[in-house]
Every structure is written in C-alpha cells, then in structure tokens.
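Listed here are the chains, written in short residue letters.
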Amino acid sequence: KTATVATLDKEDIKLGLVNFMIRYQEAGYDDMYIQYMGEGYWDKTVSGDNTVLETWKKNAIEEAHELYTLKAHQSDYDVEVSDDEKKEIKKAAEKFMKANSDDVIDEMSATEEIVEEYLELRLIKSKMYAAIIKNADSSVTDEEANMAAYTIVKLDYKGAYDSNYKYQTYTDEQSAQIKAQADAVVEALAGRSSLEDAAKAAGTKATTGTYATYVDPDAEKTDDSDKKSDDTESKESSKSSDSKTKDSVYTTNNLDQSVVDALNSLEEGQTSDLITTDSTYYIVRLDKKTDDEATESNRKTVKGNKEDKYYNGILSGWQDDEKWSV
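Values in this document were obtained by computation on a predicted structure and should not be read as measured data. (Residues numbered from 1 in each chain as written. Predicted model: local features only at pLDDT ≥ 70, side-chain atom pairs only at ≥ 80, totals over all residues. Heavy atoms only, no water.)

Quick look at the packing of aromatic side chains
Given two aromatic rings, one states the distance between the centres and the angle between the planes to describe the pair. Worth spelling out the cut-off: Pairing of aromatic side chains requires ring centres within 6.5 Å, counting the rings of Phe and Tyr and the six-membered ring of Trp. Pairs whose planes differ by under 30 degrees are stacked, by over 60 edge-to-face, and all others tilted. Burial classes: relative accessible area under 20% of the type maximum marks a residue as buried, over 50% as exposed, and values in between as partly exposed (1.4 Å probe, protein chains only).
Using the criterion set out here, one finds 17 aromatic pairs in the structure. Relative to W42, the ring of Y33 lies with its centre 5.3 Å away and its plane at 65°, an arrangement referred to as edge-to-face. Residue class for W42 comes out buried when judged on its relative accessible area of 10%. Note on Y41 and W42: the rings are 6.4 Å apart at their centroids and 75° apart in plane angle, and the pair reads as edge-to-face. On the basis of relative accessibility, which here comes to 10%, the residue Y41 falls in the buried class. Joined through ring pairs, the aromatic side chains of Y29, Y33, Y41, W42 and W56 make up one cluster.

Focus on helix α5 (residues 112-132)
As a reminder of what qualifies: Counting from the N terminus, the helices are DSSP H or I runs at least four residues long and the strands are E runs at least two residues long. By this rule, a helix spans an expected 1.5 Å times one less than how many residues it contains. Contacts are assigned to residue pairs with any non-hydrogen atoms lying within 4.5 Å of each other.
The end-to-end C-alpha distance of α5, which contains 21 residues, comes to 30 Å, matching closely the 30 Å that a straight helix rising 1.5 Å per residue would cover. Tucked into the core, α5 has its buried residues touching α1 (15-37), α2 (52-72), α3 (83-99) and α10 (292-320).

A short note on the pairing of strand β12 (residues 280-288)
Counted only if it meets this: Only when DSSP finds a minimum of two bridges between them are two strands counted as paired.
Buried residues dominate β12, accounting for 7 of its 9 residues. The pairing of strand β5 (residues 147-156) with β12 spans 8 bridges and is antiparallel. In the strand pairing of β12, Y150 is matched with L286. As defined by bridge partners, strand β11 (residues 275-276) adjoins β12 across 2 bridges and the pair is classed as antiparallel. The residue bridging T276 from the neighbouring strand is Y281, located in β12. Linking two consecutive strands that pair antiparallel, namely β11 and β12, is a turn of 3 residues.

Some details on the sheet that holds strand β2 (residues 11-14)
The strand order across the open sheet formed by 3 strands is β2-β1-β13, and the pairing between neighbours is antiparallel. Of all strands in the sheet, those bounded by a partner on one side alone are β2 and β13 (324-325). Strand direction decides the pairing type here: strand β1 (residues 4-8) and β2, joined by 4 bridges, are antiparallel. Each residue of the ladder has a partner; that of T4, found in β2, is K14.

Digging into the environment of E11
Assignment of secondary structure puts E11 in strand β2. Sequence-wise, E11 and A72 are 61 residues apart; in three dimensions their C-alpha atoms are separated by 9.7 Å. Apart from residues no more than four positions distant in its own chain, E11 is found in contact with A6, Y68 and K71.

Here's the deal with unusual backbone geometry
Note: most peptide bonds trans; most residues except glycine with negative phi. In this model, D78 sits at a positive phi of 55°, which is unusual for a non-glycine residue. As for its position among the elements, D78 is in the loop between α2 and α3. With a relative accessible area of 70%, D78 lands in the exposed category. Although it is not a glycine, S109 adopts a positive phi angle of roughly 50°. Given the relative accessible area of 8%, S109 is considered buried.

What to know about the nonpolar core
Put simply, the rule reads: Side-chain atoms within 4.5 Å are what join buried Ala, Val, Leu, Ile, Met, Phe, Trp, Tyr and Cys residues into a set we call a nonpolar core.
Ranked by size, the top nonpolar core spans 28 residues in total, and within it I13, L17, V18, F20, F96 and A110 carry the most contacts. Only β1, α1, α2, α3 and α5 provide two or more residues apiece to this core. Of all the elements, α2 adds the most residues to this core, at 7 residues. Those residues in contact with V18, other than ones at most four positions away along the chain, are V5, I13, A60, I61 and A64.

Written out as structure tokens, the structure is:
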C-alpha cells in the first residue's frame, strides 16, 4: 500500500490509494457488466489493444493526477477543507471500514487513512471545480441550445449486432431483403402514407429523436465521424457510435452527417428521399424545428460543456507546468 505509483513534482502518490480508487469503482460497475456482458468482462478487449481493466487502470492514474494537481493549487482559489468537514470525512471512513468484510477491505487495499485521503481529495475537487468555473463564460444562446425533432426509419443492410454484442454480417440475400423493405417504405410514402404507417407496412418501424441544429465552428470531427452512427436520443436503443467531436462545447449529433444534412434541408412535416450510406438506408421526417423540452434540456448540457471546457483548460495549464511521472 505504501509503494509509490506516481510522483507529482516532489509528492509521492501511493499505490494503496490508486488501487483503492480502481477497486472501489470496479465494485460499483461489476454487477452491471456481468449482467450485460457476462463473466470475464474485465479481461475483454473492447477498443484498441487494451482490456477493460487496463483502460480503467490508466483512467485511475489520470484521475489521481487530476486530484493531486487540484490539491496543489488549492491556495490559488482559497479552497480549504474545514475541521468540521475533516470530522465528517473521518466518520464516513470509519463507517466504510466497519461496513465491509476483511476480505473486501483487503481486496480494495483499504485503510481508514486511505479512505479519508480519497474522500478529502474528492471534496477538494468539488470545491475547486465550483471555484474555477465561476470565471467561465457559460451563457447559452437560443441558437446554441436548439434541438429539432424528427422521425426516422433506419435499415442496416450490411449487418447487425446480435444479443451478445457481436457484429453479424448479412448475406447477399439478407441485404436484398433489407433493400426491398426500404423500397417498400418509399413506395408507400409515394401513396401518401405516413412514415409510421409506411414503415409498419414494410415490416419495420419508425422511431423518434432529436438533434442539435447548431454547428460549432471550433469543433474538430474525427475522420470516421460520418460513419456507423446511431441516434442516442432515439427511442430505439443505440449499441455503439464512432461519432465524436473533439473539444466541442456544443452537442454532438450521433447521427450520420448525411441524415443531419437531409433534416436541415426539410421544412416541418416534410419527409426526405431514401438516404443511402455505406451500410444503412435512412428515411427521415422533420417534425419540429424546435423541440422545446429537448432544447431546454440541451441548454443545460451546453452550459455544462462550456464549464467543463474552461475547467479542463485551467487544469491542463497547471499540468503542463508540472513534473509528473508514473
């Protein structure tokens, strides 16, 4: 527990604390992962070359770096932990130690001192974040917050994920059946059916969602941001998405860009032609140019993203001037 896992300038970060951080988080997620992914999930490689556990370990080290950086700069924002707060932390640590078995305590490398230190570091972070973002410009215009509502028919013709989250490639015959479904929806629409009725008649379904209409001029999208995207706000659950926006303070649309472009070209109530990407057929209808409920919810999201960006900029500036070694 007392081994040094990292050093920030001249302060040593102990392995006991970082191990406690990762095992505490693991305990919180383990049941969920087992339920959805089965046993052995922590040793699976789900992205890149790292297992889930290796990724979490790296994240724990980064979190420790953040916590100790904030601790080192407390005086910059007059942040302190009061005597009363320290007493409450001590009580919480004692309660934690008593509530868990010896085996669990041993697995987590927990001691009362380690738990106290972690709680104090988290409290310092909370106070520092609140103090830092007071200086952020987090005002949000109606244009930045706006979310439009749509209805969509989405037909993947290359393949789909099975119940075990494994991608299964369709045969040529299966792909042809999907194309026939798409054509059937288009034909029904030409006969003035609604998108919902046209989808139902073709043996599929239409789902609903919202998307952000504002384009952040400072956003840098990844090369594959226009591919393999699903609508995370749709009533149809999304399995995965490669769509990302780097350093954006606005809302990322997890929709294929061709779908967003089509929606932006429509008036309320209008339905698009068949949209074909390298793996999916889409047909969309613009329902509302402004969805009031989604827009107000997104206003809070954008505000939080702006505050996060400002906070991360301050933190990065400090860390650039530090000597950090793992």
